[in-house]
Amino acid sequence: MKATGVVRRIDDLGRIVIPKEIRKTLHIKEGDPLEIFTDREGQVILKKYSPIGELSEFATGYAETLAKTTGHIACITDKDTIIAVAGGSKKEYLEQALSPEVESVMENKEAYTSHENNEIALPITQNDNKEKKYNAQIIYPIISEGDAIGTVILLSKDQNTKMGETELKVAGSAAGFLGSQMEV
């Protein structure tokens, strides 16, 4: 565990303020849910809660099915990171932080499609340089109870690949299904 040097007192209602710098670093916004854990030494651990992260094993299987069905790289994300990958390098994608561009697509709750090489492909992770890595991509937000909780992403690095209505519908169906699983 990393020490921050910040000390805060609990108020009379049992509340504690998480410093702005830590909230910014961990992408914790007002209203974000946090999980609370304790360990044997009496430490209290706060972790940003990811509802879709609880389905990570299921999401991995779903990503594998998407990759086999479409022939593309399939990624499933929560609000911050990629939680499942199939059809591509797990090292390159798995548990990588999402780019601000993908976060923006998610927040806008609208699907993004880059059909072919002459259109702009978005960086997927924060580690992606602004170089053109993907020939085609679809980013579809996962919506649960009106909130964007993640995305389904289909990617292709193949020069001859064009993504169209079929891939968009597949990603939309996957996102809809995953979103409905969170509502149960």
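Residues numbered from 1 in each chain as written. Predicted model: local features only at pLDDT ≥ 70, side-chain atom pairs only at ≥ 80, totals over all residues. Heavy atoms only, no water.

Student: Lay out a nonpolar patch on the surface in plain terms, naming residues and giving numbers.
Tutor: A cluster of nonpolar side chains, namely Ile-36, Val-44 and Leu-46, defines an oily patch on the protein surface of about 310 Å² accessible area. You can see Ile-36 is positioned in strand 1 (residues 34-38). Owing to a relative accessible area of 64%, Ile-36 belongs among the exposed residues under this scheme. (Patch = residues over 30% accessible without salt bridge, like charges linked within 9 Å, V, L, I, M, F, W, Y side chains within 5 Å. Areas by Shrake-Rupley, 256 points an atom, 1.4 Å probe, with all protein chains shown as cover. Salt bridge = Lys/Arg side-chain N within 4 Å of Asp/Glu carboxyl O. Helix = DSSP H or I, 4+ residues; strand = E, 2+ residues; numbered from the N terminus. Buried < 20%, exposed > 50% of the residue type's maximum accessible area, 1.4 Å probe, protein only.)

Student: Mind laying out the nonpolar core, listing which residues take part and the relevant values?
Tutor: The nonpolar side chains of soluble globular proteins are, as a tendency, buried together. Among the nonpolar cores identified, the biggest contains 20 residues, and Ala-63, Ala-74, Ile-76, Ile-142, Val-152 and Leu-154 are the most heavily contacted of them. For this core, the secondary structure elements donating two or more residues are helix 2 (56-70), strand 3 (73-77), strand 4 (82-86), strand 6 (136-144), strand 7 (147-156) and helix 5 (165-183). Leave out the neighbours within four places in its chain, and Ala-74 touches Ala-63, Leu-66, Ala-67, Ala-84, Val-85, Ala-86, Ile-153 and Leu-154. If you look at the next biggest cluster of nonpolar residues, it comprises 17 residues, including Ile-82, Val-105, Ile-139 and Ala-148. (Core = buried A, V, L, I, M, F, W, Y, C linked by side-chain atoms within 4.5 Å. Contact = heavy atoms within 4.5 Å.)

Student: Any chance you could break down the pattern of salt bridges for me, citing the residues and the numbers?
Tutor: In this structure the tally under the stated criterion is one salt bridge. The salt bridge partner of Asp-11 is Arg-15, with a shortest N-O separation of 2.8 Å.

Student: Just give me the short version of the confidence of the model for the protein chain, but keep the residues and values in it.
Tutor: Looking at the protein chain as a whole, the pLDDT averages 84, with 90% of positions reaching at least 70. Within the protein chain, no element has a lower average pLDDT than strand 2 (residues 44-48), which sits at 80, and none a higher one than strand 3, at 94. (pLDDT = per-residue confidence, 0-100.)

Student: Quick rundown of the sheet that holds strand 4? Include the residues and the values.
Tutor: With antiparallel pairing, five strands are arranged side by side in an open sheet as 4-3-7-6-5. Two strands lie at the open edges of the sheet, namely strand 4 and strand 5 (112-114), each paired on one side alone. On average, each strand axis in the sheet is inclined to that of its neighbour by 15°, with strand direction left out of account. Strand direction decides the pairing type here: strand 3 and strand 7, joined by five bridges, are antiparallel. Residue pairing for strand 7: Ile-73 is matched across the bridge by Leu-155. In the packing of helix 2 onto the sheet, the strands contacted are strand 3, strand 4 and strand 7, and the crossing angle to strand 4 comes to about 35°. Strands strand 3, strand 5, strand 6 and strand 7 of the sheet are contacted by helix 4 (residues 100-108), whose axis makes an angle of about 125° with strand 7. (Pairing = 2+ DSSP bridges. Axes fitted to C-alpha atoms, helices over the stretch in contact; angles between N-to-C directions.)

Student: Describe the packing of aromatic side chains, with residues and values.
Tutor: Per the stated rule, a full pass over the model turns up three aromatic pairs. Between Phe-58 and Phe-177 the ring centres are 5.9 Å apart and the planes differ by 45°, which places this aromatic pair in the tilted class. Of this pair, Phe-58 sits in helix 2 while Phe-177 is found in helix 5, placing the two residues 119 residues apart along the sequence. Exposure remark for Phe-58: the relative accessible area of 37% places this residue in the partly exposed category. By relative accessible area, Phe-177 is classed as partly exposed at 32%. Consider the rings of Tyr-62 and Phe-177, whose centres lie 5.5 Å apart with planes at 15°: the pair is stacked. Of the two residues, Tyr-62 is situated in helix 2 and Phe-177 in helix 5; the sequence distance between them amounts to 115 residues. (Phe/Tyr/Trp six-rings, centres within 6.5 Å; stacked < 30°, edge-to-face > 60°.)

Student: How would you explain helix 4 if you had to name every residue and give the values?
Tutor: Taken together, the buried positions of helix 4 are Val-102, Glu-103, Val-105 and Met-106. All buried residues of helix 4 lie within an arc of 155° about the axis, which places them on one face of the element. Exposed and oriented more than 90 degrees from the buried face of helix 4 are Pro-100, Glu-107 and Asn-108. Buried residues belonging to helix 4 abut strand 3, strand 5, strand 6 and strand 7. Following helix 4 by one or two positions, Lys-109 adopts a phi angle in the positive range, close to 60°. (Arc of directions from axis to C-beta.)

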